[in-house]
Amino acid sequence: MAGDKTLSDWAALAEREVKSPPDALTWQTPEGIAVKPLYTEADLEAAGHLGSLPGFAPFTRGPRATMYAGRPWTIRQYAGFSTAEASNAFYRKALAGGQQGVSVAFDLATHRGYDSDHPRVEGDVGKAGVAIDSVEDMKILFDGIPLDRISVSMTMNGAVVPILAAFIVAGEEQGVPRAALSGTIQNDILKEFMVRNTYIYPPEPSMRIIADIIDYTAREMPKFNSISISGYHMQEAGATLVQELAFTLADGREYVRAAIAKGLNVDDFAGRLSFFFAIGMNFFMEAAKLRAARLLWTRIMEEFAPKKQSSLMLRTHCQTSGVSLQEQDPYNNIIRTAFEAMSAVLGGTQSLHTNSFDEAIALPTEFSSRIARNTQLILQHETGVTRVVDPLAGSYYVESLTADLADKAWALMEEVEARGGMTKAVAEGLPKRLIEEAATRRQAAVDKGEEVIVGVNKYRLETEDAIDILDIDNAAVRSSQIRRIEETRRRRSASEVAEALRALEDAARTGTGNMLDAAVAAARARATVGEISDALRAVFGDHTAVPEVVSDIYGEAYKDEPELAVLSARLASVAQSIGRKPKIMVAKLGQDGHDRGAKIIASAFGDMGFDVLTGPLFQTPDEAAEMALAAKVHVVGVSSLAAGHKTLLPQLIEALKARGGGEVIVVCGGVVPRQDYQFLLDHGVAAVFGPGTNVMEAGRAVLDLMQGKLRNW
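Predicted model only: the values in this text are computed from it and were never measured.

1. Some thoughts on the overall build of the protein
Consideration 1: Along the protein, the regular secondary structure elements total 28 helices and 16 strands.
Consideration 2: On C-alpha atoms alone, the protein measures out to a radius of gyration of 26 Å, which is about the 27 Å that the 2.2 N^0.38 rule sets for 713 residues.
Consideration 3: For the C-alpha atoms alone, the extent of the protein along its principal axes is close to 80 × 70 × 50 Å.
Consideration 4: Within the span of the protein, comprising 713 residues, buried residues form 58% of the whole.
Consideration 5: Across the protein, contacts joining residues at least 24 apart in sequence account for 79% of those joining residues at least 6 apart.
Consideration 6: Of the roughly 27400 Å² of accessible surface on the protein, 52% is carried by carbon and sulfur atoms.
Consideration 7: Here the protein carries 74 positive and 92 negative side-chain charges, and the mean point of each set is 2 Å from the other.

2. As for the environment of T198
Consideration 1: Structurally, T198 can be placed in the loop between helix 7 (189-196) and helix 8 (203-220).
Consideration 2: Looking at T198, the relative accessible area reads 0%, which means it is buried.
Consideration 3: For T198, the contacting residues outside a window of four places in its chain are L108, H111, R112, N157, G158 and E192.
Consideration 4: At 2.5 Å, the side chain of T198 and the side chain of E192 are in polar contact.
Consideration 5: Looking at T198, its side chain comes within polar contact range of the side chain of R196, at 3.1 Å.

3. A short note on the sheet that holds strand 16 (residues 687-689)
Strand-to-strand pairing in sheets goes through backbone hydrogen bonds, with the strands running parallel or antiparallel.
Consideration 1: Strand order across the open sheet formed by five strands is 13-12-14-15-16, with parallel pairing between neighbours. The sheet terminates laterally at strand 13 (611-614) and strand 16, the two strands that pair on one side only. When strand polarity is set aside, the average angle formed by the axes of neighbouring strands in this sheet is 20 degrees.
Consideration 2: Of the pairings in the sheet, the one linking strand 12 (residues 583-587) to strand 13 comprises four bridges and is parallel in character. By the bridge assignment, V586 is partnered in strand 13 with T614.
Consideration 3: Running over the sheet, helix 26 (residues 645-658) touches strand 14 (635-640) and strand 15 (665-670) and is turned about 160 degrees from strand 15.

4. Regarding the nonpolar core
Nonpolar side chains tend toward joint burial in soluble globular proteins.
Consideration 1: Counting 83 residues, the largest nonpolar core has L245, F247, L249, W297, L405 and M422 as the members making the most contacts within it.
Consideration 2: Ranked by size, the runner-up nonpolar core spans 71 residues in total, among them M138, L501, A507 and M515.

5. Concerning the sheet that holds strand 9 (residues 273-279)
Consideration 1: As summarised here, the arrangement of the nine strands in space is 7-6-5-4-3-11-10-9-8, forming an open sheet in which the pairing is parallel. Strand pairing shows two members of the sheet lacking a second neighbour, strand 7 (224-225) and strand 8 (227-230), which therefore form its edges.
Consideration 2: Two strands pair when backbone bridges link them, and strand 9 and strand 10 (residues 316-320) are joined in this way by five bridges, in the parallel orientation. Within strand 10, the position partnered with F277 by the bridge is C318.
Consideration 3: Its contacts with the sheet put helix 12 (residues 283-302) on strand 9 and strand 10, and the angle it makes with strand 9 is roughly 155 degrees.

6. Examining unusual backbone geometry
Consideration 1: Note that the residue after A57, namely P58, is joined by a cis bond; omega there is 5 degrees.
Consideration 2: Relative to the helices and strands, P58 resides in the loop between strand 2 (34-35) and helix 2 (67-70).
Consideration 3: Despite not being glycine, D390 shows a phi value in the positive range, around 50 degrees.
Consideration 4: Overall, the relative accessible area of 9% leaves D390 in the buried class.
Consideration 5: With a phi angle near 55 degrees, Y459 is a residue other than glycine that sits in the positive phi range.
Consideration 6: Topologically, Y459 is positioned in the loop between helix 17 (430-447) and helix 18 (474-491).

7. Concerning the packing of aromatic side chains
Consideration 1: Scanning the entire structure with this criterion turns up 17 aromatic pairs.
Consideration 2: Between F193 and Y199, the ring centres sit 5.3 Å apart and the planes meet at 20 degrees, which makes this aromatic pair stacked.
Consideration 3: The exposure class assigned to F193 is buried, which follows from its relative accessible area of 9%.
Consideration 4: Judged by relative accessible area, Y199 falls into the buried class, the value being 1%.
Consideration 5: Ring geometry for Y331 versus F357: centroids 4.9 Å apart, planes at 35 degrees, classification tilted. Here Y331, found in the loop between strand 10 and helix 13 (332-347), pairs with F357, found in the loop between strand 11 (351-353) and helix 14 (366-382); they are 26 residues apart in sequence, far enough to count as distant.

8. Considering the layout of surface pockets
Consideration 1: When its volume is computed, the second largest pocket comes out at roughly 1400 Å³.
Consideration 2: Taken together, 43 residues form the lining of the second largest pocket, with W27, P30, N282, R442 and E451 sitting closest to its centre.
Consideration 3: For the lining of the second largest pocket, the secondary-structure elements that each account for two or more residues are strand 1 (27-28), helix 10 (241-261), helix 13, helix 17 and helix 22 (554-557).
Consideration 4: The biggest single contributor to the lining of the second largest pocket is helix 17, with seven residues.

9. Observations concerning the pairing of strand 14
Consideration 1: Counted residue by residue, strand 14 has six buried out of six residues, so it is predominantly covered.
Consideration 2: Here strand 14 shows a buried face lined by V635, G637 and S639 and a second buried face lined by V636, V638 and S640.
Consideration 3: Judged from the four bridges that link them, strand 12 and strand 14 form a sheet pairing that is parallel. The residue bridging A587 from the neighbouring strand is V638, located in strand 14.
Consideration 4: Note: strand 14 against strand 15, six bridges, orientation parallel. Looking at the pairing, S640 lines up with G670 of strand 15.

10. Details of helix 14
Consideration 1: The terminal C-alpha atoms of helix 14 lie 23 Å apart, and with 17 residues this matches the ideal 24 Å at 1.5 Å per residue to within 8%.
Consideration 2: Among all positions of helix 14, only S368, S369, A372, R373, T375, Q376, L377, L379 and Q380 are buried.
Consideration 3: Just downstream of helix 14, G384 is the residue with a positive phi angle, here 80 degrees.

11. Notes on the side chain of T110
Consideration 1: With respect to the helices and strands, T110 occurs in helix 4 (residues 108-111).
Consideration 2: A polar atom in the side chain of T110 sits 3.2 Å from the backbone nitrogen of I132.

12. With respect to the packing of helix 12 against helix 13
When two helices pack together, you describe them by how their axes are tilted relative to each other and by the distance separating the axes.
Consideration 1: Between helix 12 and helix 13, the least distance of the axes is 8 Å, while the angle of their chain directions is 30 degrees. If you check the angle between helix 12 and helix 13, you find them roughly parallel. Seen from above, helix 12 lies across helix 13 with right-handed handedness. Residues F283, E286, A287, L290, R291 and R294 of helix 12 form the contact with helix 13, whose own contacting residues are F339, M342, S343, A344, L346 and G347.
Consideration 2: Considered class by class, the residues forming the contact of helix 12 with helix 13 number seven nonpolar, two polar and three charged.

Rules of the game
Residues numbered from 1 in each chain as written. Predicted model: local features only at pLDDT ≥ 70, side-chain atom pairs only at ≥ 80, totals over all residues. Heavy atoms only, no water. Helix = DSSP H or I, 4+ residues; strand = E, 2+ residues; numbered from the N terminus. Rg over C-alpha atoms; globule rule 2.2 N^0.38 Å. Buried < 20%, exposed > 50% of the residue type's maximum accessible area, 1.4 Å probe, protein only. Contact = heavy atoms within 4.5 Å. Areas by Shrake-Rupley, 256 points an atom, 1.4 Å probe, with all protein chains shown as cover. Lys, Arg positive; Asp, Glu negative; His and termini not counted. Charge placed at Lys NZ, Arg CZ, Asp CG, Glu CD. Polar contact = N/O pair within 3.5 Å; in protein donor to acceptor, adjacent residues only side chain to side chain. Pairing = 2+ DSSP bridges. Axes fitted to C-alpha atoms, helices over the stretch in contact; angles between N-to-C directions. Core = buried A, V, L, I, M, F, W, Y, C linked by side-chain atoms within 4.5 Å. Phe/Tyr/Trp six-rings, centres within 6.5 Å; stacked < 30°, edge-to-face > 60°. 1 Å grid on protein atoms, 1.4 Å probe; cavity = no way out; pocket = protein on both sides within 12 Å on 5 of 7 lines; lining within 4 Å. Points joined across faces, edges and corners; volume = space filled by probe spheres on them. Expected span 1.5 Å × (residues − 1). Parallel < 35°, antiparallel > 145°, perpendicular 65-115°, else oblique. Left-handed = near helix turned anticlockwise from the far one by under 90°. Nonpolar A, V, L, I, M, F, W, Y, C, P; charged D, E, K, R; others polar.

See below:
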């Protein structure tokens, strides 16, 4: 009988079938988890989380007893397009098409607390989200969208105070009191210092802002989630699932401590904390990650002795992975997103955003957004997945993964605790360094073909069909925003604005009162996002990160490969010819803080043998040109992920020429549509490296360009 077979019988059979010992079939994940080819009941003996029911602590099987059988997850689409008018039109159409909540993407100027007329944001306004400068923009954004019935999620961290204030006032003027507003503000600044970098103020005052927002919303906005503690951007920056899980929950623990230090009772705000995770392509492990997150959050919250059972409960929104999307053969992204969405649902998410297939290239079109939204509608209505609570429960494999992830994440959280908590660990750079090491290690695995990405490093098409993309006229958007700012300033009372901003500064300086309360008054008087941000800047100052780059990760992966040896020898030959190492500056222009690609390039090129200078974030083209020439670099490589390349790259090249640096080679890499390549080449860019570029090949191409100019140096 089949039931009489033992594990040793199976091992012998497996060895005969694959002509190799069973140990060779074990997969070592990036998280350090050994995944066996076979799991049995014996693997569950060490899993201490089994036995609970959905809706009961530790909530491994879900935060609600009936889960989707009672009510499906909320369908959201994260979107923001250029102006408030364009975004409003998209939201209204999406809601009519089955979307159940609004999730707002702001442009980078807004994220960084600059009004659209500020000279530092010329290339950023309206490009990667919607530009919001005041309550007037916010009112247009939600025109015709009943804020007493539609929940609103806002991804905002740096300029969180003015944006939430403007939202509250927009609700008031729509006739919706703040107590009736529902939704979530991200408000997760520790994550920004680790990976996404859309911060404004230093860590300590930023934590004060978070505590004030938790305090205000606990008193005034009982239906609104005061913080969305985000692991999403960690995974996008290259974190392993253990790192995403550990650092996200450690951030959450730190925010709870900050709120309690403010004098709040844990039960008054714990129920309005929410989480936000990325869902990548490791299908079963992603589902297990959400189950482990609920298990561990219950353990963390028990430290604070809440009296309400609901205070122990982790609620989460999820978004399918952006970094898994590929420019090459982009329709494959529809399939990737569908698998990731199913994984999130099997893990028990409360709401979900599905990425559009063209987002590795540009902002999504209406066509691609409809496919992404319908992916969720089909999941809800056609697959039967909503009819059973926690369908993966009891799976030998999934339950084992849940336990393994929980154990490894808890060990990493304990390391953070030993350093004095997450704020101190972030200040020391521990999470950032570990994430950047993981990102560089994965890039090397992809470049070497050890990790297969269909259509990128295997099964690649000989020719790629062009697809329609959404192109934002940045100059037109900025002009329209400036006109509205000027009109708003003309119609408001200058004295009322000045008085309100002084009160906000006083609250920040003295620590008395509540900064969000003061900002609401300022927004009501029509102070702009930039003016409110600057009032806080006057007290707290700006945070400036020191760029650091990991080393000996990419090179270690290639140490036995002839490719690296040949490239290093060529570099040494060029160095001998010019009397020094070939020098490249890796630059980030504008307000784009996403630096995963820039850091990987800097790290890998350093391991290859280039002399690498890493520029600071948020440089203007003029500042980058000054730095490049002062450092006597041969190449400036600009990393662009936020669609500002058509504005910023030509400005950089002109700035170099104006300073006598016309011989400096300028290349560009990142999220650049193929349709834009010729524009950039026509404006002096020497080469464009799109998404999915093999870094070793990029190194060879840059060296080729340098050798072509040797006679000029």
